[in-house]
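Here's the letter readout for the chains.
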Amino acid sequence: MDEKEKVTITRAQNNLLNQIRGLHQDAFYMVVGAKQVDNGYILEGTSETFDHLIRDLYDECELAPRSRLQTIYSLIKRIDPEAVEF
């Protein structure tokens, strides 16, 4: 069984994730199941689930208005600090 990973995200990042339609099923369940904490939300899932979420975020970059791109990019970097610079 894959080990669970945890990533803390901001409220703005969580709001963005909840507005994305068509997330991979396991990524969707991770997003709707995020736990609220004082400084934002905690996403918890396997590395495979986070990989699905990152792919969905890259897809969203092609569709999202410019005003949302910085939040998407910051979220990708939060999940994967080694992600390619934009």
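Along each chain, numbering runs from 1 in the same order as the chain's sequence is written. Local features in this predicted model are restricted to residues of pLDDT 70 or higher, and side-chain atom pairs are both shown and tallied only at a pLDDT of 80 or more, whereas totals for entire chains, interfaces and linings draw on every residue. As a rule here, side-chain values come from all non-hydrogen atoms in the structure, and water together with hydrogens is ignored.

Participant: Account for the side chain of Asp56, naming residues and giving values.
Facilitator: You can see Asp56 is positioned in helix α3 (residues 47–63). Each residue gets one of three labels from its accessible area relative to the maximum for its type: buried under 20%, exposed over 50%, partly exposed in between, using a 1.4 Å probe on protein chains only. Just so you know, the count uses Lys and Arg for positive and Asp and Glu for negative, and it drops His and the chain ends. The salt bridge definition used is simple: a Lys or Arg side-chain nitrogen within 4 Å of an Asp or Glu carboxyl oxygen. Nearest to the buried, unbridged Asp56 among oppositely charged side chains is Arg55, at 6.3 Å. Here a polar contact is recorded for every N or O atom pair within 3.5 Å, except that within protein the pair must consist of a potential hydrogen donor and a potential acceptor, and residues adjacent in sequence are included only if both atoms are side-chain atoms. A polar side-chain atom of Asp56 sits 2.7 Å from the main-chain amide nitrogen of His24. When checking whether two residues touch, look at their non-hydrogen atoms; a contact exists if any pair is within 4.5 Å. Excluding residues that lie within four positions of it along the chain, Asp56 makes contacts with Gly22, Leu23, His24 and Ala27. Numbering of helices and strands starts at the N terminus; helices are DSSP runs of H or I of at least 4 residues and strands are runs of E of at least 2.

Participant: Could you give an account of the pattern of salt bridges, naming the residues involved and the relevant values?
Facilitator: Using the criterion set out here, one finds 2 salt bridges in the structure. In this structure, Lys35 and Glu44 form a salt bridge, with 3.5 Å as the shortest nitrogen-oxygen distance. Arg68 is paired through a salt bridge with Glu60; the nearest N and O atoms lie 3.7 Å apart. Judged by relative accessible area, which is 11%, Glu60 ranks as buried.

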